[in-house]
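Residues per chain are reported as follows:
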Amino acid sequence: MLDQFNTASLAKLGRAELLALLANYQAKLLSTSDEMERAKLQSQISMIRSAFELG
């Protein structure tokens, strides 16, 4: 999966790929207790959700 992404790269992904990416980042969020990492993951999850809604 992608560790770094932006809106343009997310726009190239299909629905199934976005769902898989979202699930991956949600699992990472649940498995970390580091607050900075959690904030970063939540931001990335928001970007993925936005791309999913636009696609």
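Residues numbered from 1 in each chain as written. Predicted model: local features only at pLDDT ≥ 70, side-chain atom pairs only at ≥ 80, totals over all residues. Heavy atoms only, no water.

Thoughts on the environment of S9
Looking at the secondary structure, you find S9 in helix α1 (residues 7-11). You can call S9 partly exposed: its relative accessible area is 24%. Put simply, S9 and A51 are 42 residues apart on the chain and 9.6 Å apart in space, counted from C-alpha to C-alpha. (Helix = DSSP H or I, 4+ residues; strand = E, 2+ residues; numbered from the N terminus. Buried < 20%, exposed > 50% of the residue type's maximum accessible area, 1.4 Å probe, protein only.)

As for the side chain of T32
As for its placement among the helices and strands, T32 is situated in the loop between α2 (15-31) and α3 (35-54). Take T32: its relative accessible area is 19%, and that puts it in the buried class.

Here's the deal with α2
For α2, spanning 17 residues, the distance from its first C-alpha to its last is 24 Å, which sits close to the expected 24 Å at 1.5 Å a residue. For α2, the set of buried residues is L18, L21, L22, Y25 and L29. For α2, the angular spread of the buried residues around the axis is 100°, confining them to a single face. What points out from α2, more than 90 degrees from its buried face, is the exposed set A16, L30 and S31. Tucked into the core, α2 has its buried residues touching α1 and α3. (Expected span 1.5 Å × (residues − 1). Arc of directions from axis to C-beta. Contact = heavy atoms within 4.5 Å.)

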